[in-house]
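Listed here are the chains, written in short residue letters.
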Amino acid sequence: MNYFCGFGLMKRSLLLLVLGVVQCDSLPDGIPDHEVAAQWADMTLHITKDTPANSPTFASRCLGYIGLTQYEAVVHGFPEYQSLVGQLSGLEELPLPEANARYSWPMVLNRAESEILASIYIQTSNQNKKKIDSLEKRIYAILKKSTDQATAERSNAFGTALARAIFEWSTTDGGHRGYLNNFDTDFKKEPFPGSWKPPLFAQSFSHHPLHPYWGENRPFAPQNKNLPLPDFISYDPKEGSSYYDQFLKVYEKERQLTQEEKELAIWWSDDPDVTFSPGGHLYYLANAMVRKNQPTLIHSAQTFARVGMAVADAFINCWKWKYHFFSERPNTFIPQFIDQKWESFWPDPPFPAFPSGHAIQAGAAATVLISLYDNKTAIIDSAHVGRERDHVRNTEFVAQSFDSIWQIALETADSRFFGGIHTPQDNQVGLEQGSIIANNIVILAWKK
Amino acid sequence: MEKIGKLVTKIFKNNFPLTFLIAWLLSCGALLAQGFTDISKEAGLEHYFEVYEGMFGGGVAVLDFNNDGFEDLYLTGGMQPDQLLLNQGDGSFEDQLEKAGMLKVLDFVTQGVAAADFNRDGFKDLFITTITLKNKKQKIPRAQNLIFINQGDGTFVEESVAFGLDQTSSFSTGVAVGDVNRDGYPDVYVGNYFTDYDGGLKEISDATIVNAGKTAKGYLYINRKGKKLVESYEDYGLNHRGFSFGGVFTDFDNDHDMDLIVNNDFGYKAKPSYLLENQYPKKGFKYVEKSQGMDLRINAMGAATADVDGDGWLDYFITNIRFNRMMVRDSIAPTPFVDQANSYGLELFTISWGAVFADFDLDGDEDLFVSNGDLNPNCVPMHNFYFEKQGSKFEEKSLNVGLRDYGLGRGAAIFDLENDGDMDLLLINQKAVMQYGTETVSRLYRNENKTGNYLKVKLHGTQSTPSGFGARIETFVQGHRQTREIDGGNSSHLSHNSTIAHFGLGEHTQVDSLKITWPGGFQQKFIEVPVNQLLEVKEPNYSHPSNFPWKTLIIISIIVVAILKFRASFMVKS
């Protein structure tokens, strides 16, 4: 008796198991348009994070092209919008869809995103390339259920051609395969008072600064090419000078960091060795906005295009100024003039200080997001939830919530001050310039 | 005598400026008698280490390669040629790299070096680490390491292939030697900075290049009868990675086997430093850095070993960027290691690489030399440290003793240049990549000490390694203990000190007792040892403690006998 009962149970659980497998494998009949865009943003962030030797500079550039590809893939399906061909630096032509032919625009996006990701991140692992491929196949299979064969083929062909053309254009911007030479060992700059020094408390083993010529790269928006130099408080190590005061503020803040401020500092640390870097963090928040608001396909795609190009252009200008001013970090000034034993809460990244890359990108991303969504949107940022706590600094990764989009920018900038690696002016100028750069993306003629 | 004393006092009382002058002159005289002289030029030393693309190096190993009783040197040069410097006995050197048949080394960008008699033929051989080839630009800098076997006739033969070193292309830093399995053949631990490649690099794609900057595992080479070095990382339970400057073999827990400290750069960001406890006679190591307080999350560049508090347990000075660490272990318990750099007066801001303890002033305690230098190409001059032990503290006196060099200091090693009983010093300096305020070349410092007695002890291992790596030597003078451990290399950043133990004894004219503890624990004692001599000690024949589990066997036999007896009595009863 007992024996049979046991057998029955086993049989039933086996059946459940089989059913379960079938259920897992079964594809839904449809997928919301915005979700196609969002799932490609997820994949973009995974590749950004999981590709070795990725730098915040190269990552930001890729986000620009990957975001733009989303937009160009679907723009022809929305009559009131137009392509950015002729509006972006050096982008004179892109393939066009056949007139009066049917397309599945999510399917075009699906193919184009897969193509651009695998091309621009050619250096990523085979495992990651398989992941890109699997996502494409899965989304294709879902969309195929409601798409005829000819439309599907046409959509895929257009997606491929478009992504290849965008990739081809990307190769001439100065940042193509930039990961091969993150730290140019031939770059030399004679030191001067207040100049950047290789960090003693460093994030990177390189004694050479990251991508010294990144500022010469071609920006997406032509207006972002020749922006005027921002003002920089001139070097004066005397106690009481404005310059000294900038560092004194960093020093005093570090002495009295609250646990919340420490959490904020590591939350935005966005170390490119283990995360998707600051640009990716902002792309992540753009994705959170898309999932929260569930907008149309064109609006979703436009979100990623604007944020991607905004952070890319922000970094090009940021790097231009970083190497123009070649300014020191608090870790160089404070031990020399204020307190020899001082050390920042967070280690120094391997490049000059002014202006802050985090602030300029966050200022830029927030500005373009505000152009598309209500600034008063409440957002929860779970980008690093689940990461192992920071043992060295005895601090957890705690989700952050924001009452408005602009608050993201402010807290990002503040986090660098709490981390002790940026002065208030680095952040202030970063935010201001980020807004200006983003505005040059916003004012492109997106609509006819 | 008394009269003269009174006279001097009278002069002092009546003429303060003169008193001052005399005191000053006297102190100058005392300083001259204690300090160091840079004799690089007169000794014929012309060397600097040139970095490959802003990377690391280099080091110096002390060895007497022709067994003439004078210690010779091997200096790595990086992009510059290495040098095999024969000590000519008159305080000068001659580079015999070419004469010794070692020109193959010129094809490589070298890093660290250690000397050991790998094949136990009575002559010290050389193990040299490399990071890449010199004349062939490689997209990813990697190369095999090198072993040169001493032929006993002043020449070396490169036998890397025969020893099995050509199987991996690595970016190697420090090399240390120690007998891990106590078979008498020196085993090797090599630290790697960036990830390595088995079987070389055949196809290079963008993916290969972006992976090249990852942390690396090290190599544990077990020496098979002096014929082969077999990589046995996994076999010995090792699985760690890091941006490593290599390890130091040492017996931290006084159980007479070779444990291993592994120094890692960027410990706060990548992998912290490790402490590996040898499980001998069981095969393998156990990671104990956390429980021992040695999981340092710093830029660990090198380690120097000494018993700074005289408790018979070894302590470790770990070099770092900014502030060095003095990891001291308490004899009572013993407790985990605690950083006491501050209380020892060793906490001075700088960037340190090599470090070596020695009783430079022969007053009966160990002083500490630390070689400092900025990250190259940053090139802000910073001077070396000479920490003189004074009571329970150290005092930085590089200026007073003539060791305040501002070059880009890296590896350093101690040895007795002219066999006069005091420790001289070879310091490796890097050539500055950018403009530099002062000359930065390697230096040979002659110790000018004229006071204080000494004792040098040279071990000849028979069951242990020929140099007695890891053997512990203790002297006792009027109850005062001094401890030395025979250095297996990489103790002073990519360098290898003399394996002749050196003790300063001050005014004492004899060592009351001298204790040698060979690896495995066999002890030899000598009493009333005369000073100012080189004592050579051969390891006696003693029964080798076997791996056979006698204890377990005895316990099992007792149980079996008991059972048999019990059964017998039971059977009788029934």
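Residues numbered from 1 in each chain as written. Chains lettered and ligands numbered in written order. Predicted model: local features only at pLDDT ≥ 70, side-chain atom pairs only at ≥ 80, totals over all residues.

Asks: Got a minute to help me understand the overall build of chain B in this structure?
Replies: Counting its regular elements, chain B contains seven helices and 37 strands. Expected size for 574 residues packed as a compact globule is a radius of gyration near 25 Å; at 25 Å, chain B falls within 12% of this value. Residue burial in chain B is summarised as follows: out of 574 residues, 52% are buried. Taking all contacts inside chain B whose residues are at least 6 apart in sequence as the whole, residues at least 24 apart take part in 59%. (Helix = DSSP H or I, 4+ residues; strand = E, 2+ residues; numbered from the N terminus. Rg over C-alpha atoms; globule rule 2.2 N^0.38 Å. Buried ≥ 20, exposed ≤ 12 C-beta atoms within 10 Å, placed from the backbone. Contact = placed C-beta atoms within 7 Å.)

Asks: Would you explain the overall build of chain A in this entry?
Replies: Per the secondary structure count, chain A includes 14 helices and two strands. Taking 22 Å as the expected radius of gyration for a compact globule of 448 residues, we find that chain A reaches 24 Å, a close match to that expectation. Dimensions of chain A, computed from C-alpha atoms along their principal axes, come out at roughly 80 × 70 × 45 Å. Within chain A, the proportion of its 448 residues that are buried is 49%. Once local pairs closer than 6 in sequence are excluded, the contacts in chain A between residues at least 24 apart make up 87%.

Asks: Teacher, can you tell me more about the sheet that holds strand E36 (residues 523–530) of chain B here?
Replies: Strand pairs in the sheet, formed through backbone hydrogen bonds, run parallel or antiparallel to each other. Residue and element names in this part refer to chain B. Reading across from one edge, E33-E32-E35-E36 is the order of the four strands in this open sheet, with antiparallel pairing throughout. Of all the strands in the sheet, the pair left with one neighbour each is strand E33 (480–485) and E36. For this sheet, the mean angle separating the axes of adjacent strands, direction not counted, is 20°. Here strand E32 (residues 472–477) runs beside strand E35 (residues 510–517); their pairing, made up of five bridges, is antiparallel. Its bridge partner lying in E35, Phe476 is registered against Ser513. (Pairing = 2+ DSSP bridges. Axes fitted to C-alpha atoms, helices over the stretch in contact; angles between N-to-C directions.)

Asks: Hey, could you run me through unusual backbone geometry in this one?
Replies: Here the amide bond leading from Gly57(B) into Gly58(B) is cis, since omega sits at 0°, within 30 degrees of zero. Assignment of secondary structure puts Gly58(B) in the loop between helix H3 (40–43) and strand E2 (60–63). Of the consecutive residues Tyr280(B) and Pro281(B), the connecting peptide bond is found in the cis state with omega at 10°. Structurally, Pro281(B) can be placed in the loop between strand E17 (274–278) and strand E18 (285–287). Phi is positive for Asn100(A), which is not a glycine, with a value near 60°. You can see Asn100(A) is positioned in the loop between helix H3 (56–74) and helix H4 (105–120). Classification of Asn100(A) by C-beta neighbours within 10 Å gives exposed; the count is 5. The backbone phi angle of Ala333(B) is positive, close to 115°, even though this residue is not glycine. Turning to its location among the elements, Ala333(B) is positioned in the loop between strand E22 (325–328) and strand E23 (338–339).

Asks: In this structure, what is going on with the environment of Lys134(B)? I would like to understand it.
Replies: Residues and elements named next belong to chain B. In this fold, Lys134 is placed in the loop between strand E7 (125–133) and strand E8 (146–150). Spatially, the C-alpha atoms of Lys134 and Val109 are 5.4 Å apart, while their sequence positions differ by 25 residues. Aside from chain neighbours lying at most four places away, what touches Lys134 is Met79, Leu106, Asp107, Phe108 and Val109.

Asks: How should the interface of chain A and chain B be read in this particular structure?
Replies: Bring the parts together and some accessible area is lost; that lost area is often taken as the interface size. Contact with chain A, which involves 22 residues of that partner, is made by 23 residues of chain B. Counted by class, the side of chain A that touches chain B contains 10 nonpolar, nine polar and three charged residues. (Nonpolar A, V, L, I, M, F, W, Y, C, P; charged D, E, K, R; others polar.)

Asks: Is there a simple way to explain helix H8 (residues 259–267) of chain A in this structure?
Replies: For the α-helix, the turn length of 3.6 residues means that residues three or four positions removed from each other point alike. Among all positions in H8(A), only Lys262(A), Glu263(A), Leu264(A), Ala265(A), Ile266(A) and Trp267(A) are buried. Here the buried face of H8(A) lies against strand E2 (400–402) and helix H13 (405–418) of chain A.

Asks: How should the nonpolar core be read in this particular structure?
Replies: Side chains of a nonpolar character, in soluble globular proteins, are inclined to be buried together. Counting residues in hydrophobic clusters, the biggest one holds 146 residues, and the most contacted among them are Ala61(B) and Tyr74(B). Sorting elements by how many residues they give to this core places strand E6 (residues 108–116) of chain B first, with six residues. With near-sequence residues (within four places) excluded, Tyr74(B) lies in contact with Val60(B), Ala61(B), Leu63(B), Asp82(B), Leu84(B), Val113(B), Ala115(B) and Leu126(B). In terms of nonpolar packing, the next biggest core, distinct from the first, is built from 92 residues, Leu117(A), Leu162(A), Ala163(A) and Val311(A) among them. (Core = buried A, V, L, I, M, F, W, Y, C linked by C-beta atoms within 7 Å.)

Asks: So what exactly am I meant to see when it comes to the confidence of the model for chain B here?
Replies: Reading fine detail from the predicted coordinates is not recommended where pLDDT is low. Residues and elements named next belong to chain B. Overall, the prediction assigns chain B a mean pLDDT of 91, with 91% of residues at 70 or greater. Segment residues 1–32: pLDDT under 50, and five contacts once partners within four positions in sequence are set aside and those in other chains are kept. What the predictor reports for the complex is a pTM of 0.87 with an ipTM of 0.84. (pLDDT = per-residue confidence, 0-100.)

Asks: Looking at this structure, I do not really get the sheet that holds strand E9 (residues 156–158) of chain B. What am I missing?
Replies: Residues and elements named next belong to chain B. Spatial ordering of the open sheet is given by E6-E7-E8-E9, a layout of four strands whose pairing is antiparallel. Whereas interior strands pair on both sides, the edge strands pair on one side only; in this sheet they are E6 and E9. Shown here is a sheet whose adjacent strand axes are inclined to one another by a mean of 25°, direction ignored. Examined bridge by bridge, E7 and E8 share three bridges and lie antiparallel to one another. The residue bridging Ile128 from the neighbouring strand is Leu146, located in E8.

Asks: Mind showing me how you'd approach the pairing of strand E4 (residues 83–87) of chain B here?
Replies: Regular strands place their side chains on alternate faces of the sheet. Residue and element names in this part refer to chain B. Counting buried positions over the five residues of E4 gives five, a clear majority of the element. Burial of the side chains of E4 extends over both faces: Gln83, Leu85 and Asn87 are buried on one face and Leu84 and Leu86 on the other. Two elements, strand E3 (residues 72–75) and E4, share three bridges in a ladder whose sense is antiparallel. Residue Leu75 lies in a different strand from E4, and its bridge partner there is Gln83. Taken together, the three bridges between E4 and strand E5 (residues 93–95) define a ladder with antiparallel strand orientation. By the bridge assignment, Asn87 is partnered in E5 with Phe93. Joining the antiparallel neighbours E4 and E5 is a turn of five residues, in which Gly89 adopts a positive phi near 85°.

Asks: For this particular structure, what's the right way to read the pairing of strand E11 (residues 187–198) of chain B?
Replies: Residue and element names in this part refer to chain B. Among the 12 residues in E11, nine count as buried, and that is most of the element. Where strand E10 (residues 168–178) meets E11, eight bridges bridge the pair, whose relative direction is antiparallel. Bridge pairing in E11 places Ala176 opposite Tyr189. The pairing of E11 with strand E13 (residues 219–224) spans three bridges and is antiparallel. When the bridges of E13 are listed, Tyr189 appears paired with Leu220.

Asks: Explanation requested: the environment of Pro237(A) in the structure shown.
Replies: All names here are of chain A. Inspection of the secondary structure puts Pro237 in the loop between helix H6 (149–170) and helix H7 (242–255). The exposure class of Pro237 is partly exposed, given the 14 C-beta atoms found within 10 Å. Note: C-alpha distance between Pro237 and Gly194 (43 residues apart in sequence) is 8.4 Å. Once residues lying within four places of it in the same chain are set aside, the contact partners of Pro237 are Tyr243, Tyr244 and Phe337.

Asks: Is there a simple way to think about the packing of helix H9 (residues 277–293) of chain A against helix H10 (residues 297–325) of chain A in this case?
Replies: When two helices pack together, their arrangement is given by the angle between their axes and by how far apart the axes lie. Residues and elements named next belong to chain A. Direction vectors running N to C along H9 and H10 enclose 160°, while the axes themselves pass 10 Å from each other. With respect to H10, the element H9 is oriented roughly antiparallel. Here H9 runs over H10; the crossing is right-handed. Mapping the contact onto sequence places Gly279, Leu282, Tyr283, Ala286, Met289 and Val290 in H9 and Ser300, Thr303, Phe304, Val307, Gly308 and Val311 in H10. Taken together, the residues that form the contact of H9 with H10 break down as eight nonpolar, four polar and no charged. (Parallel < 35°, antiparallel > 145°, perpendicular 65-115°, else oblique. Left-handed = near helix turned anticlockwise from the far one by under 90°.)

Asks: Any chance you could explain the environment of Met107(A) here in plain terms?
Replies: Residues and elements named next belong to chain A. By the secondary structure assignment, Met107 is in helix H4. On the basis of neighbour counts, which here come to 26 C-beta atoms within 10 Å, the residue Met107 falls in the buried class. Placed 12 residues apart in sequence, Met107 and Pro95 show a C-alpha to C-alpha distance of 16 Å. The contacts of Met107, once residues within four sequence positions are left out, are Tyr140, Leu143, Thr147, Ala152, Ser155 and Asn156.

Asks: Even after reading the chapter, I still don't get the packing of helix H2 (residues 33–50) of chain A against H9(A), so can you show me in this structure?
Replies: Residues and elements named next belong to chain A. The interhelical angle for the contact between H2 and H9, taken along N-to-C directions, is 160°, at an axis separation of 10 Å. Looking at the two axes, H2 sits roughly antiparallel to H9. Along this stretch, H2 crosses H9, giving a crossing that reads as left-handed. Residues His34, Ala37, Ala38, Ala41, Asp42, Thr44, Leu45, Thr48 and Lys49 of H2 form the contact with H9, whose own contacting residues are Ser277, Gly280, Tyr283, Tyr284, Asn287, Val290 and Arg291.

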